[in-house]
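Letter by letter, the chains look like this.
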Amino acid sequence: MAVEPISPEEARRRQQRGAVLVDVREPHERAAGMAEGALGVSLAELVQSPAQHLPEPGAEVLLICEGGARSHRCGEQLLQAGYRRVASVEGGTRAWAAGALPLVHPADDPDFYDRYSRHLRLPEVGEAGQRRLLQSRVAVVGAGGLGSPLAYYLAAAGVGTLAIADDDVVERSNLQRQILHAEGRIGMPKVESARQALLALNPGLRVEAVQERITSANVERFLHGADVVVDGGDNLPMRYLLNDACVKLRKPLVYGAIDRFNGQASVFDAGRHRGELPCYRCLFPEPPPPEFAPSCSDNGVLGVLPGVIGVLQATEVVKLLLDLGEPLSGRLLRFDALAMRFRETRVPADPDCVVCAPGREFPGYIDYARFCAG
Ligand SMILES: [Zn+2]
């Protein structure tokens, strides 16, 4: 089997009959104009995971590049990967344009290629991955110590919709670590201050500022449509509520907690992987009584600590959204800032867990908040 050379006019005819045309140049090259109706996926990206971009191997695939050489090379690799009907446009986009066939300019949004150029250069992210981030929705509970760095980095990375819930207002004592907020916004609702900071960084995003305390009554509404849920609240009742909701709604939960000089992070994905991966209750089935619960007292915290843990959480969110690497599921990562040491513990799924055991019916929400004085 060989790559079939075709003219731009023939490619146009076949495209109109349903063949897939893929422009395999790099994003910055396509920005100058690409064949109308073509899918933009760089050669490296396409060859690495053809199934993610193309229909089944029997489908007709047409490839185009700048002058015809790269698309031919790409075609040979697709044939090796099992695709059977592969053609390459001779003379590439140059010949397409010379033949007065229609071009489109994907750089209606030049911001995209510029802003995310360091992501676009990673084949593991690439244009398809970046577009996926832009289409993602992440629900963040808490716009404080953990919520600040993690929302900041998610906004910078181009997560398209960030829903942030917090019912507090900005106080001066927050500014030692809650980097989303600023002196001039003391007294402002934290979610509004967060919205301003995030949009100043990346104005193209959607930030949904929810000035509410998340409870059993509104948690499902808040998590609706979220691809990933992040616990940036660092309080115990919220942690159980989010855990239970995420198991019920089958959503991954990125967990983080901090105290004094120590922090920890994990991913709880039991909702999508019952019996295989743990939930938070597999680790701690019940909250301790309020007088022993750290969230009910006001311990000190080293200002940079939430930065470390929040950025670990943001890293896990981006990996989950892009299906990249090995998530921190089934593992609890502990950080000791004074010793500057990370330790990892395995967390197995508890086969008798009251929430996530396979086949267990959802037991209903419990609002621990009302037992907690602080
Ligand atoms: Zn569990």
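Worth saying up front: this structure is predicted, and the values here are computed from it rather than measured.

**With respect to the domain arrangement of the protein**
Then, number 1: For the protein, the assigned domains are domain 1 (4–110) and domain 2 (135–373).
Then, number 2: Between the C-alpha centres of domain 1 and domain 2 the distance comes to 42 Å.

**A few points about the pattern of salt bridges**
Then, number 1: Tallying each qualifying case throughout the model produces 26 salt bridges.
Then, number 2: Residue R12 pairs with E36 through a salt bridge whose shortest N-O separation is 2.9 Å. Pair noted here: R12 is in helix α1 (residues 8–16) and E36 is in the loop between β3 (34–35) and β4 (39–40), with a separation of 24 residues, a long-range link.
Then, number 3: We classify E36 as partly exposed; its relative accessible area is 31%.
Then, number 4: The partner of K190 in a salt bridge is D168, with the nearest N and O atoms 3.9 Å apart. Residue K190 is found in helix α11 (residues 190–201), and its partner D168 is found in the loop between β9 (161–165) and α11; the two are separated by 22 residues along the sequence.
Then, number 5: Residue classification places K190 among the buried residues on the basis of a relative accessible area of 4%.
Then, number 6: Here the salt bridges do not stand alone but share partners, grouping E4, E10, R13, R14, E60 and R85 into one network.

**What about the pairing of strand β12 (residues 253–259)?**
Then, number 1: Of all 7 residues in β12, 6 are buried; the element is thus mostly enclosed.
Then, number 2: Here strand β11 (residues 228–231) pairs with β12 via 2 bridges, running parallel. The partner of V230 across the bridge, within β12, is V254.
Then, number 3: For the crossover that starts at β11, traverses helix α13 (residues 236–249) and ends in the parallel β12, the hand is right-handed.
Then, number 4: In this sheet, strand β13 (residues 262–268) lies alongside β12 in antiparallel orientation, the contact comprising 7 bridges.

**Section: the coordination of the zinc ion**
Then, number 1: Protein-derived coordination of the zinc ion comes from C279 (SG), C282 (SG), C353 (SG) and C356 (SG), at a distance range of 2.3 Å.
Then, number 2: Here the zinc ion is ringed by 4 donor atoms whose angles at the metal span 94 to 121 degrees, and the overall shape comes out tetrahedral.
Then, number 3: Each donor residue of the zinc ion belongs to the same chain, with the gaps between them written as C-x2-C-x70-C-x2-C. Here C279, found in the loop between β13 and α14 (280–283), pairs with C356, found in the segment after β15 (341–346); they are 77 residues apart in sequence, far enough to count as distant.
Then, number 4: With relative accessibility at 0%, the residue C279 sits in the buried group.

Definitions and limits used
Residues numbered from 1 in each chain as written. Predicted model: local features only at pLDDT ≥ 70, side-chain atom pairs only at ≥ 80, totals over all residues. Heavy atoms only, no water. Domains from an automatic or database assignment. Salt bridge = Lys/Arg side-chain N within 4 Å of Asp/Glu carboxyl O. Helix = DSSP H or I, 4+ residues; strand = E, 2+ residues; numbered from the N terminus. Buried < 20%, exposed > 50% of the residue type's maximum accessible area, 1.4 Å probe, protein only. Pairing = 2+ DSSP bridges. Right-handed = clockwise from strand over helix to strand, strands pointing away. Donors = N, O, S within 2.8 Å, 3.2 Å for Na, K, Ca; no water. Tetrahedral: all angles 85-135°; square planar, octahedral: opposite > 155°, others 65-115°.

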